Amino acid sequence: MDPIPDLETDSPTVLTPPKRSFWEKLGGGSLSISLVLHGILLAIGVVWVFQIIPPEPEKVVDFMPKSGGGGSPAAESKQQLRRVQMVQPELARVSAMGSVSNLVLPEPESTSEMSALGSIGGALSKGMGGPGSGGGRGDGAGLGFGGGFAGGLSDGKGTKNPFGMANLDRNALVGTFYDLKQTSDRRPTEMTDDEMRTELRDIVRRGFKERVFDKYYKAPRKLYQNKLHIPIMPADAAPAAFECEKEVQPKRWIVAYRGAVQAPKSGRFRFVGASDDLLVVRFNNRPVFDYGYTIAGTGTHVFGRSNEMDGTKENVELAKEIRKLTPMEVPISFYKYTQTSKYNKDIGGMAIGPEFEVKEGEIYPIEIMIGEIPGGFFSVSLLIEEIGANYEKDPGGSPILPLFRLDNSQPSPDLKGEAPPIDPNGPVWKSVPGSAPADI
């Protein structure tokens, strides 16, 4: 039998631990595993964040307001809004869906015009010499409208800006934009609609010269206008056209066009027109037209009161005031075109101003003031009728007249909506630079 080993005297087996590297002594193994795990978690987190945070949606500025431009908000019915939308089939929008305010008055050379208030509901985009950031269309130096609602310069194709051209044109009046809601140093005036109508009486009495607006905000951008023909469109288009939409809300604004014109022929003429809201014309240093949703010279809100203008309903005090403070004769005569049903219903139609005489080649100072009071929609058309001339008639029997214009261009066919029919012929009144009224 084998002897039982002596546990106390026999030598035990000594186990030698394996040698470890310097990295393992520092705990590198567990650190590597930790880094790998954290890297995987970080990658999963990044993917998760990008998946659940959607891109910021493109801002869409809706130019279809709650109420019409001429009346109070309560007066605008849903049926009227539908009609206004129908009469602007191609007014893209003056702000976000790819185009900006597209008003179309003049159609100058493609290199000098502010292009495209194309889609009313789009916006002006800032881009000079290129597509323009924000989707501005075109690549020249005229005003283009793109996906963002900010002033931008491009020579895009599309409807011409009806408020005027961006570049100086010798055959144009100089247009200046004023905001009566803020002072020249950008403080709010707190002016209401009724207070603006009261202020208009003084502005018209003083001839709406430049100094008359010294206390109000004036847009830095000037525009150059050669005709006034703007079918119904959002009032936002005006501040957008003058590149001040970031500083100006689209209401209680005025645009004054000033210059001098040379008569194309001798004869007697009269202006015919209407506006939502203001249209005042001074010719040869005296008023010769004042009519729209508001008669500026008296501060009278005419919306829904056409029967007091045409003599159907007698208003002796108002008639006296109109005769005293405006050039209009009372009762006021109107042309009611089949294409101007809203004007016909709301204010009686296209008003007919008093006659005035000119001599061929003579130079006459002229000032034209347009404006919007409550906001919403804006429109204006200024025609001229030569006394004794023969004109074609529309289906309702009213003469189809030419626009008062300073060149041979016609309104853009892209601008459609409620507006009087236009005779493409007619005299062209030549603008005379350097002969503008004093204090321009």
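Preceding block: the structure.
An account of the accompanying structure is given in this report. For every chain, the first residue of its written sequence is number 1, and the numbers climb from 1 along that sequence. Only residues with pLDDT of at least 70 get local features here, since the model is predicted, and only at 80 or more are side-chain atom pairs given and counted; chain-wide, interface and lining totals rely on the full set of residues. In computing side-chain properties, one takes all heavy atoms of the structure into account and sets aside hydrogens as well as water.

### Some thoughts on the pairing of strand S9 (residues 278–283)
Stated precisely, the cut-off is as follows: A simple rule labels every residue: compare its accessible area, found with a 1.4 Å probe on the protein chains alone, to the largest value its type can have, and call it buried under 20%, exposed over 50%, or partly exposed in between. To qualify as a helix, a DSSP run of H or I must reach at least 4 residues; to qualify as a strand, a run of E must reach at least 2; elements of each kind are numbered from the N terminus. By definition, two strands form a pair when at least two bridges between them are found by DSSP.
Where burial is concerned, most of S9 is hidden: six out of the six residues are buried. Of the strand pairs in this sheet, S9 and strand S16 (residues 363–372) are connected by six bridges, and their pairing is antiparallel. Among the inter-strand pairings, Val280 is bridged to a residue of S16, identified as Met369. In this sheet, strand S10 (residues 286–290) lies alongside S9 in antiparallel orientation, the contact comprising four bridges. The partner of Val281 across the bridge, within S10, is Phe289. Here S9 folds back onto S10 in antiparallel fashion, the turn holding two residues, of which Asn284 has a positive phi close to 55°.

### Examining the environment of Phe334
Heads up, the condition is: By the convention used here, residues are in contact when the closest approach between their heavy atoms is within 4.5 Å.
Inspection of the secondary structure assignment puts Phe334 in strand S13 (residues 334–335). Taking the C-alpha atoms as reference points, Phe334 and Asp310, 24 residues apart in sequence, are found 7.9 Å from one another. If near-sequence neighbours (up to four positions away) are discounted, Phe334 is found in contact with Tyr291, Met309, Asp310, Ile347, Gly348, Gly349, Met350, Ala351 and Ile352.

### Details of the pattern of salt bridges
Defined as follows: Salt bridge, as applied in this entry: a Lys or Arg side-chain nitrogen positioned within 4 Å of an Asp or Glu carboxyl oxygen.
Tallying each qualifying case throughout the model produces 22 salt bridges. Asp179 is paired through a salt bridge with Lys181; the nearest N and O atoms lie 2.5 Å apart. For the pair shown, Asp179 and Lys181 are each scored as buried. The partner of Lys218 in a salt bridge is Glu210, and the shortest N-O contact between them spans 3.5 Å. In this structure Lys218 comes out as partly exposed when scored by relative accessible area, which is 40%. Judged by relative accessible area, Glu210 falls into the buried class, the value being 10%.

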